[in-house]
Amino acid sequence: MSSRDERPVYIRFVCFKTVEGHRHALGIFQARDDASVSEYAEGWALSLINEAYDWFCAHLKEPDRTHADTRWRPGNPGLSWFKPDAFEHIQRMYDMKMGLEACGIHVDVLTTRDVGQVLYEDAHQICAVPSARTFA
């Protein structure tokens, strides 16, 4: 009997921003605005970020926030994770990560086998309310 966990590993890209002394997770798409005003921003990096962002606008469905599930509310919007077989999406996120980091914005890559309670799912992503477990 194998003790190996066969569940898929999901991936999420996040930035952290300090606001009024508190550290907050910032989605990588939201960090795009910070990159554009960064003193470190270089043209190639901003082009890479914007090219990847435009690709996502055309190739990634925005999760349906009108979901009838009561867990889906403004204070608890869920976290979006890429499925492990969303190869091109994940590669484009690494492109954004490279551009953002060139602008001085650090991007963390998180992985987990337990996304929590799934609120939305499509071919490339899952949006879920996390459980109390930690990221792996």
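First things first, this report covers the structure right here in the doc.

Criteria and cut-off values
Residues numbered from 1 in each chain as written. Predicted model: local features only at pLDDT ≥ 70, side-chain atom pairs only at ≥ 80, totals over all residues. Heavy atoms only, no water. Helix = DSSP H or I, 4+ residues; strand = E, 2+ residues; numbered from the N terminus. Expected span 1.5 Å × (residues − 1). Buried < 20%, exposed > 50% of the residue type's maximum accessible area, 1.4 Å probe, protein only. Salt bridge = Lys/Arg side-chain N within 4 Å of Asp/Glu carboxyl O.

## A short note on helix H3 (residues 87-102)
The end-to-end C-alpha distance of H3 is 23 Å, a good match for the 22 Å that 16 residues give at a rise of 1.5 Å each. What H3 keeps buried is the set His89, Ile90, Met93, Met96, Lys97, Gly99 and Leu100. Positioned one or two residues after H3, Gly104 has a phi angle of 85 degrees, which is positive.

## Quick look at the environment of Pro63
By the secondary structure assignment, Pro63 is in the loop between helix H2 (43-59) and strand S3 (79-82). Judged by its relative accessible area of 9%, Pro63 falls in the buried class.

## Thoughts on the pattern of salt bridges
For the structure on display, the rule yields 5 salt bridges. Salt-bridge contacts for Lys83 lead to Glu121; the nearest nitrogen and oxygen are separated by 2.8 Å. With Lys83 in the loop between S3 and H3 and Glu121 in strand S5 (residues 117-121), this residue pair connects regions lying 38 residues apart in the sequence. Judged by its relative accessible area of 15%, Lys83 is buried. The class of Glu121 is partly exposed, set by a relative accessible area of 47%. The shortest N-O distance in the salt bridge between Glu88 and Arg92 comes to 3.2 Å. Note that Glu88 and Arg92 are positioned in helix H3 at a spacing of 4 residues, about one turn of the helix.

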